[in-house]
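Secondary and tertiary structure notes
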Amino acid sequence: MSASGGPVDMIVWRTCPIREGPEPGDEAWLTGAERLRAAAIGHHDARTRFVVGRALLRRTILELRPELAGSALSLTRSSSGRPRLRDHPELAISISHTRGLAAIAVAGAGRVGIDVEPRSRVGLPPVGGWLTPGEQRRMRALAPDRTRAWLLDRWVAKEAAIKAAGPGHPLGRRELEVHGDTDGDGRATVSGVTHDRYVHTDVRIESVPGGFVVAIATPIVTRVASVSGRRRPGSGRGAHSVVRRSRAPGP
Amino acid sequence: VTTDDLLDLLLEVLADIAPESDPSEVDPAADLRDELDLDSMDELNLITQVGERLGIDIPERDYRPMRTLDGAVGYLAGRLGRRVG
């Protein structure tokens, strides 16, 4: 398992291997409603991922906020669909599963997004569906043996950034650009502009033992411009205001 | 094109994306991510392939109804309009 945190807006993230079934004790972390939901999930692997993920979530929350031990830690969804604790909505939560690994990020405040994929992943979607034109040009200039890792880094970075931005996020994958060549580990930013919104997200990308790559994202600044025409960040035009600012995860 | 044709197309693409599963056994109202163990990359592959086969571009804001068979058939029928009999 891995962890990362900073002195301000602390974020804890954890990964946990998913094997043939839940580990002994995992189900004890689930609420009654979650046990019913798990029983209704048709696919065995999806059910295992759900149980392992919820157990990992509670362990991660207690690592960040040990004083909550003994609390119900009931998970619900905000009006925008974001997962949160019913009694502690100030905590930001993000959950990601892939075949063989669950990943959780919990932030003491603000927003966070996490995504994980196996390095061995095959069948990536056609790049025209999720890379910007600029990213497609950069991809074509890469050495062939670097392409797969480069693409996976971009995928997890965008997925984590979209989760951090939230379900009401106006930008799609084709409109978000990842800046920085991370080569499996490192820092990048993900940004994009719509007619009234500027999204800028700090992303940390790390390799995880077992052959996985994980990205943890926190929004740095989201600017809302005046709605009368396109505004570029830093253009000095329009009535920009900072909605929120948060510190990226990291030592 | 009929709604049955759309369902057949979805099942065919899903069988390619999740070959270890039997999509025809899936509850049409259930979340495909839970029923077939799909993740976000599988979801985009499904949407891209279905869009290409039907000759339509499915924008990201429309991905949510594609998460169930019923929702996907309804959405695609609406997009195809008069082409669905």
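Structure report, in brief. Keep in mind it's a predicted model, so treat the numbers as computed, not measured.

It is worth spelling out the layout of surface pockets at this point. Estimates place the volume of the largest pocket at around 1,700 Å³. Surrounding the largest pocket, 47 residues form its lining, A:Lys163, B:Arg33, B:Glu43, B:Arg64 and B:Arg67 being those nearest its centre. Taken together, the elements giving at least two residues each to the lining of the largest pocket come down to α2 (44–64), β4 (92–98), β6 (113–118) and α4 (144–165) of chain A together with α2 (32–35) and α3 (40–54) of chain B. Residue contributions to the lining of the largest pocket peak at six residues, all from β4(A). For the lining of the largest pocket, the class distribution of residues is 15 nonpolar, 10 polar and 22 charged. Roughly 210 Å³ of volume is contained in the second largest pocket. For the second largest pocket, the full set of lining residues is A:Thr98, A:Arg99, A:Pro118, A:Ser120, A:Arg121, A:Val122, A:Gly123, B:Asp16, B:Ile17, B:Asp42, B:Asn45 and B:Gln49. For the lining of the second largest pocket, the elements supplying multiple residues, two or more each, are α1 (3–17) and α3 of chain B. Across the lining of the second largest pocket, the residue classes break down as three nonpolar, five polar and four charged.

B:Leu10 and B:Leu76 are the most contacted members of the largest nonpolar core, which totals 53 residues. Of all elements in the fold, only α4, β8 (186–193), β9 (197–208) and β10 (212–224) of chain A together with α1, α3 and α4 (69–80) of chain B reach the threshold of two or more residues within this core. Excluding residues within four positions of it along the chain, B:Leu76 makes contact with B:Leu6, B:Leu10, B:Val50, B:Leu54, B:Ile56, B:Ile58 and B:Met66. Membership of the second largest hydrophobic core comes to 19 residues, among which are A:Ile61, A:Leu64, A:Ile93 and A:Ile95.

Two aromatic rings, taken as a pair, are described by how far apart their centres are and by the angle between their planes. Residues and elements named next belong to chain A. Going through the model one piece at a time under the given rule, you end up with one aromatic pair over all chains. Seen from their ring centres, Trp130 and Trp155 are 5.1 Å apart, and the 80° between their planes marks the pair as edge-to-face. Residue Trp130 is located in the loop between β6 and α3 (133–140), and its partner Trp155 is located in helix α4; the two are separated by 25 residues in the primary sequence. Taken as a pair, Trp130 and Trp155 share a single burial class, namely buried.

Okay, the packing of α1(B) against α3(B) next. Residues and elements named next belong to chain B. Two elements in contact, α1 and α3, have axes separated by 10 Å at closest approach and are oriented at 135°. Overall, the two elements α1 and α3 adopt an arrangement that is oblique. In this structure, α1 crosses over α3, and the sense of that crossing is right-handed. Residues Leu6, Leu9, Leu10, Glu12, Val13, Leu14, Asp16 and Ile17 of α1 lie in contact with α3, whose contacting residues are Asp42, Asn45, Leu46, Gln49, Val50, Arg53 and Leu54. Residues belonging to the contact of α1 with α3 are distributed by class as follows: nine nonpolar, two polar and four charged.

Listed per partner, the contact involves 20 residues of chain B and 26 residues of chain A. Of the roughly 1,800 Å² buried where chain B meets chain A, counting both sides, 41% is carbon and sulfur surface. Together, B:Asp37, B:Met41 and B:Glu60 form the three largest contributors to the area buried by chain B at its contact with chain A, with a combined 37%. On inspection of chain B and its partner chain A, the count reaches seven salt bridges. If you look at where chain B meets chain A, you find eight residue pairs in polar contact (both at pLDDT 80 or more). Only α2 and α3 of chain B provide two or more residues apiece to the side of chain B that touches chain A. Element by element, the count of residues in the side of chain B that touches chain A is highest for α3(B), at seven residues. Looking at the side of chain B that touches chain A, its residues break down into six nonpolar, four polar and 10 charged.

It is worth spelling out α4(A) at this point. Along its 22 residues, α4(A) runs 32 Å from first to last C-alpha, staying within 8% of the 32 Å computed at 1.5 Å per residue. Two residues or fewer past α4(A), A:Gly166 is found with a positive phi of approximately 100°.

With that out of the way, let us pick up the environment of A:Gly211. All names here are of chain A. Along the chain, Gly211 turns up in the loop between β9 and β10. Distance in space between the C-alpha atoms of Gly211 and Arg119 is 5.4 Å, their sequence separation being 92 residues. Apart from the residues lying within four places of it in its own chain, the contact partners of Gly211 are Glu117, Pro118, Arg119 and Ser120.

So, about empty space enclosed by the protein. Residue and element names in this part refer to chain B. According to the stated counting rule, one finds two cavities of 30 Å³ or more in the structure shown. A volume near 30 Å³ is recorded for the second largest cavity. Around the second largest cavity, the lining residues are Asp31, Leu32, Arg33, Leu38, Glu43, Leu46, Met66 and Arg67. Those elements giving two or more residues to the lining of the second largest cavity turn out to be α2 and α3. Residue composition of the lining of the second largest cavity, grouped by class: four nonpolar, no polar and four charged.

All names here are of chain A. Spatially, three strands are ordered β1-β5-β4 in an open sheet, and the strand pairing comes out antiparallel. Single-partner strands in this sheet number two, and they are β1 (11–17) and β4. Averaged over all neighbouring strand pairs, the angle between strand axes comes to 10°, with direction disregarded. Against the sheet, α2 contacts β1, β4 and β5 (101–107), and its axis sits at roughly 30° relative to β5.

What counts, and where the lines are drawn
Residues numbered from 1 in each chain as written. Chains lettered and ligands numbered in written order. Predicted model: local features only at pLDDT ≥ 70, side-chain atom pairs only at ≥ 80, totals over all residues. Heavy atoms only, no water. 1 Å grid on protein atoms, 1.4 Å probe; cavity = no way out; pocket = protein on both sides within 12 Å on 5 of 7 lines; lining within 4 Å. Points joined across faces, edges and corners; volume = space filled by probe spheres on them. Helix = DSSP H or I, 4+ residues; strand = E, 2+ residues; numbered from the N terminus. Nonpolar A, V, L, I, M, F, W, Y, C, P; charged D, E, K, R; others polar. Core = buried A, V, L, I, M, F, W, Y, C linked by side-chain atoms within 4.5 Å. Buried < 20%, exposed > 50% of the residue type's maximum accessible area, 1.4 Å probe, protein only. Contact = heavy atoms within 4.5 Å. Phe/Tyr/Trp six-rings, centres within 6.5 Å; stacked < 30°, edge-to-face > 60°. Axes fitted to C-alpha atoms, helices over the stretch in contact; angles between N-to-C directions. Parallel < 35°, antiparallel > 145°, perpendicular 65-115°, else oblique. Left-handed = near helix turned anticlockwise from the far one by under 90°. Buried area = accessible area lost by both parts, 1.4 Å probe. Salt bridge = Lys/Arg side-chain N within 4 Å of Asp/Glu carboxyl O. Polar contact = N/O pair within 3.5 Å; in protein donor to acceptor, adjacent residues only side chain to side chain. Expected span 1.5 Å × (residues − 1). Pairing = 2+ DSSP bridges.

Worth remembering: the numbers are spatial, not functional.
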